[in-house]
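Now for the letters of each chain:
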Amino acid sequence: MMRKIFWIAAVLAAVSLTGCGADQSVQANYIGEEDARTAALTASGVSQDNASFVRTKLEQDDGKTYYDVEFTDESGVRYEYDIDAMTGTVISYESDGKAQQASQPATQGNGGASGGTAAAATTGAVDADGAKKIALDDAGLTEDQVSFVRTELDRDDGRTYYEIEFYATADHAEYDYEIDASTGAIISQDYDAEHYSAPQSGGTVSEESVRQTVLAKVPGATEDNLRMRLERDDGRELYEGTIVYNDMKYDFEVDAYSGAIREWEAESVYD
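To start, this report covers the structure provided alongside it.

The rules we used
- Residues numbered from 1 in each chain as written.
- Predicted model: local features only at pLDDT ≥ 70, side-chain atom pairs only at ≥ 80, totals over all residues.
- Heavy atoms only, no water.
- Pairing = 2+ DSSP bridges.
- Helix = DSSP H or I, 4+ residues; strand = E, 2+ residues; numbered from the N terminus.
- Axes fitted to C-alpha atoms, helices over the stretch in contact; angles between N-to-C directions.
- Contact = heavy atoms within 4.5 Å.
- Salt bridge = Lys/Arg side-chain N within 4 Å of Asp/Glu carboxyl O.
- Buried < 20%, exposed > 50% of the residue type's maximum accessible area, 1.4 Å probe, protein only.

Let us now look at the sheet that holds strand 8 (residues 186-192). Taken in spatial order, the eight strands line up as 1-2-3-4-8-7-6-5 in an open sheet, and their pairing is antiparallel. If you trace the sheet from one side to the other, it starts and ends with strand 1 (52-61) and strand 5 (146-156), each paired once. Each strand axis lies, on average, 15° off the axis of its neighbour in the sheet, ignoring direction. Of the strand pairs in this sheet, strand 5 and strand 6 (residues 159-168) are connected by ten bridges, and their pairing is antiparallel. Across the sheet, residue Arg150 finds its bridge partner in strand 6, namely Glu165. Contacting strand 1, strand 2 (64-72), strand 3 (78-84) and strand 4 (90-96), helix 2 (residues 33-44) runs over the sheet at an angle of about 60° to strand 2. In the packing of helix 5 (residues 128-139) onto the sheet, the strands contacted are strand 4, strand 5, strand 6, strand 7 (174-180) and strand 8, and the crossing angle to strand 6 comes to about 55°.

As structure tokens, this is what we get:
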């Protein structure tokens, strides 16, 4: 009986140590909190000196591992970014209170077609076309690069504003804006790369390389103990597999682009 208890304790200890090693292996392939904050600042246009960070936290959701970065600028505007932990790509962001005046987009609109945007400039108000132009300029897109889902005039807490929603036809990223109808200020904005997947220009790592990586974590195991296949999940390719060796079973997922081990689980074959 005592021998069985000691054997179980040894197995649990091995599993625990294996899990820790896997976490360290994955962490080593992440860009790190400092680079994640830099990526968020670069995307927002806010300088390091003018930013006050509220949170930088590693998160995982729907198969994506990312840094949740939240900060405010010198005027109190809040920004929140999700930064891909492997590539530093902006997956999504939102901000509240970003100021932008209507005068610029009003004079650069559709040439005052039907008197709409031009009239808005003289009255100090923004019409629907002007609001869309403000949102597009902020997103760095042109009207022929997007499909508009909604442009609605709404009112809340004494403020009249346009709700602008559109998505980029190239990558289906979704943008949501609230534009103040009186001043043209961006009240809030939201971006979501719903179909985001890591850039694939560099291709995937070789299957042989992945085999060497996972077998190195189980000393003594050979390719005869390994089963592995290439899968696609949420637009991202990964290798899934199992190693069975010395009465232990190891299940793993390896990122096909970076070669980083994303998941590693170990258990006794008798469980």
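Moving on from the coordinates now.
Our next topic: the pattern of salt bridges. Throughout the structure, instances matching the rule amount to 19 salt bridges. Two residues, Glu59 and Lys57, come together in a salt bridge whose shortest N-O distance is 3.7 Å. Judged by relative accessible area, which is 25%, Glu59 ranks as partly exposed. In this structure, the salt-bridge partner of Arg78 is Glu94, at a minimum N-O distance of 2.8 Å. Separated by 16 residues along the polypeptide, Arg78 in strand 3 and Glu94 in strand 4 bring together distant segments of the chain. Overall, Glu94 belongs to the partly exposed group, its relative accessible area being 28%. Through salt bridges with shared partners, one network takes in Arg55, Asp68, Glu70, Arg78, Glu80, Glu94 and Asp96.

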